Amino acid sequence: MDFYVMTLFPQMILQAASFSILDRAQKQGRISVHGVDIREYSHNKHRHVDDAPYGGGAGMVMQAPPVYEAYEAICRKVGARPRVAYMTPAGETFTQKKARELAREENLVLLCGHYEGIDQRVIDEIVTDEISIGDYVLTGGELPALVVIDAVARMIDGVLGNEESAGEESFSGMLLEYPQYTRPADFRGRKVPEILMGGNHEEVRLWRLERAMETTMEKRPDLLRPEGMSREERGIYERLREKFLEKSLASKGHL
Ligand code: SAM
C-alpha cells in the first residue's frame, strides 16, 4: 500500500516512518510512505502557500491551488484518483474500524493542514474522508497522519511479524486486550499468574478471554455487545457481571 502525505513538512513524516515496524514494512515493500511537499506546487516566488483569511480574523489559511496541484501530481503518478483523508479536528474520530477500512486501499492520500487550516474549496474539491484523532487541537496534521499510517499499516498482511498479533489485540473485536507478562517471573514480589507458566494452552486461552472481558467491563463497558458474543463469551460475561454487581453492592454496604 502507498501512503502519500501532502504536507508542508515532509521530513517529519519520512523520519517518523523510518523506525521499527514501519521501516521494516517499507524495506520489505509492503508499504511505501511518500512525503509530498505542498510548497513545491506554490507559484509564488517566495514559495508561500498561505494567505490571510477573507473576512478577517487571526492566523493564515493554506491556499487551494498548491494543495490541488499536489494532488493532481499524485494522481498522474499513480494513474488513479485515490481517496484523500483530510486530518482535521472536525472529522470523524479515528477508530480501528476505520483503519481496517482504509487498509483495503491501494493508494491513500493524507492531507495535513497547518496554521488555521485549508481553504474550504479545495477540501470540497478533493477530500473524501475527514479524520480527527481526538477532541483537541494540534498545530498541524502531521502527527495525526502518522497515527493513521501506523494504525493502517499494521492491518496490512505481513507488516506485523506474527499474524495473530493484530487479530487478538484491543479493538479487533469488542474486547480490550488481556494483560501481558514476560520474564522475570517475579518482579518486586509481583508474580506472573501461575496459569501462564503451566503450559496448558486451553487454560491459558480461557484465562486470557476472561481477563480481556474483565478489563473491558472495568475500563470500557460501552464496547461490550452481549448479543454479538459466542456462547463461551456470554457465559464468562454473565459470571463476571454477577461478580461486579456483588462487588458494587458490597462497596455500597448493601451486602
Ligand atoms: N482552525 C482549526 C480548527 O479550529 O479546527 C484548527 C487548525 S489546526 C491549528 C491546524 C491543522 O492541524 C488542521 O488543519 C489539521 O490538519 C490538524 N489538526 C489539528 N488537530 C487535529 C486533530 N485533533 N485531528 C486531526 N487533525 C488535526
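Owing to the predicted nature of the structure, the values given are computational and were not obtained by experimental measurement.

Entries for the chain in the domain assignment read domain 1 (2-153) and domain 2 (186-251). Averaged C-alpha coordinates put domain 1 and domain 2 at centres separated by 40 Å.

Bringing the pattern of salt bridges into the picture now. Where charged atoms of side chains with opposite charge meet at close range, the side chains can pair. The full count for this structure, using the stated rule, is 19 salt bridges. In this structure, Arg121 engages Asp119 in a salt bridge whose closest nitrogen and oxygen atoms are separated by 2.6 Å. By relative accessible area, which is 57% here, Arg121 ends up exposed. The buried category is assigned to Asp119, whose relative accessible area is 17%. The structure contains a network of salt bridges with shared partners spanning Arg83, Glu92, Lys98, Glu101, Glu105 and Asp129.

Counting residues in hydrophobic clusters, the biggest one holds 29 residues, and the most contacted among them are Phe3, Ile31, Phe94, Leu110, Val148, Ile149 and Val152. At the level of elements, strand E1 (2-7), helix H2 (20-27), strand E5 (83-93), helix H4 (96-102), strand E6 (107-112) and helix H6 (142-153) are the ones that each hand at least two residues to this core. It is H6 that contributes the most residues to this core, 7 residues altogether. Membership of the second largest hydrophobic core comes to 22 residues, among which are Tyr4, Ala64, Ala70 and Ile118.

The subject of this paragraph is the site of the ligand. The immediate surroundings of the ligand are formed by 20 residues, with Tyr86, Met87, Gly113, Tyr136 and Leu138 found nearest. In this structure, Gly113 approaches the ligand through a main-chain N or O atom, which is 3.0 Å from an oxygen atom. A distance of 3.0 Å is found between a nitrogen atom of the ligand and a backbone nitrogen or oxygen belonging to Leu138. At the level of secondary structure, the elements contributing two or more residues to the shell around the ligand comprise E5 and strand E7 (129-132). With 4 residues, the top contributor of residues to the shell around the ligand is E5. For the shell around the ligand, the residue count by class is 10 nonpolar, 9 polar and 1 charged.

Let's shift gears to the environment of Met62. Structurally, Met62 can be placed in strand E4 (residues 61-62). Overall, Met62 belongs to the buried group, its relative accessible area being 1%. The sequence separation of Met62 and Lys27 amounts to 35 residues, and the corresponding C-alpha distance is 33 Å. Ignoring any residue separated from it by four or fewer positions in sequence, one finds Met62 in contact with Leu8, Ile38, Val49, Asp50, Val67, Cys112, Gly113, His114, Tyr115, Gly117, Ile118 and Asp119.

With that settled, consider the environment of Pro179. Along the chain, Pro179 turns up in the loop between helix H7 (163-168) and strand E8 (186-187). Once the C-alpha coordinates of Pro179 and Thr215 are considered, the two residues, 36 residues apart in sequence, prove to be 8.6 Å apart. Contact partners of Pro179, with chain neighbours within four places excluded, come to Trp207 and Arg211.

Relative to the 27 Å expected for 19 residues at 1.5 Å per residue, helix H8 (residues 201-219) spans 27 Å between its end C-alpha atoms, a close match to the ideal helical length. Within H8, the full set of buried residues consists of Val204, Trp207, Leu209, Glu210, Arg211, Ala212, Met213, Glu214, Thr215, Thr216 and Met217. Put simply, Asn200 is the residue that caps the front of H8, since its side-chain oxygen is 3.1 Å from the backbone nitrogen of Glu202.

Moving on: the packing of H8 against helix H9 (residues 231-251). Contact geometry of H8 with H9 gives a least axis separation of 10 Å together with a crossing angle of 50 degrees. When the axis of H8 is compared with that of H9, the two are oblique. H9 is crossed by H8, and the crossing has right-handed handedness. Along the contact surface, H8 presents Arg205, Leu206, Leu209, Glu210, Met213, Glu214, Met217 and Glu218, while H9 presents Glu232, Glu233, Ile236, Tyr237, Arg239, Leu240, Arg241, Lys243 and Phe244.

All right, on to the side chain of Thr216 then. The topology assignment puts Thr216 in helix H8. Among the polar contacts made by the side chain of Thr216, one reaches the main-chain amide nitrogen of Leu176 at a distance of 2.9 Å. For Thr216, the contacting residues outside a window of four places in its chain are Met174, Leu175, Leu176, Pro221, Leu223 and Leu224.

Right, let's talk about the pairing of E5 for a bit. In this sheet, E6 lies alongside E5 in parallel orientation, the contact comprising 5 bridges. Looking at the pairing, Met87 lines up with Cys112 of E6. Of the crossover connections in this fold, the one passing from E5 over H4 to the parallel E6 is right-handed. Relative to E7, E5 runs parallel, the two being bridged by 5 bridges. Across the sheet, the residue bridging to Thr93 is Ser132, located in E7.

Calculation rules
Residues numbered from 1 in each chain as written. Predicted model: local features only at pLDDT ≥ 70, side-chain atom pairs only at ≥ 80, totals over all residues. Heavy atoms only, no water. Domains from an automatic or database assignment. Salt bridge = Lys/Arg side-chain N within 4 Å of Asp/Glu carboxyl O. Buried < 20%, exposed > 50% of the residue type's maximum accessible area, 1.4 Å probe, protein only. Core = buried A, V, L, I, M, F, W, Y, C linked by side-chain atoms within 4.5 Å. Helix = DSSP H or I, 4+ residues; strand = E, 2+ residues; numbered from the N terminus. Near = heavy atom within 4 Å. Polar contact = N/O pair within 3.5 Å; in protein donor to acceptor, adjacent residues only side chain to side chain. Nonpolar A, V, L, I, M, F, W, Y, C, P; charged D, E, K, R; others polar. Contact = heavy atoms within 4.5 Å. Expected span 1.5 Å × (residues − 1). Axes fitted to C-alpha atoms, helices over the stretch in contact; angles between N-to-C directions. Parallel < 35°, antiparallel > 145°, perpendicular 65-115°, else oblique. Left-handed = near helix turned anticlockwise from the far one by under 90°. Pairing = 2+ DSSP bridges. Right-handed = clockwise from strand over helix to strand, strands pointing away.

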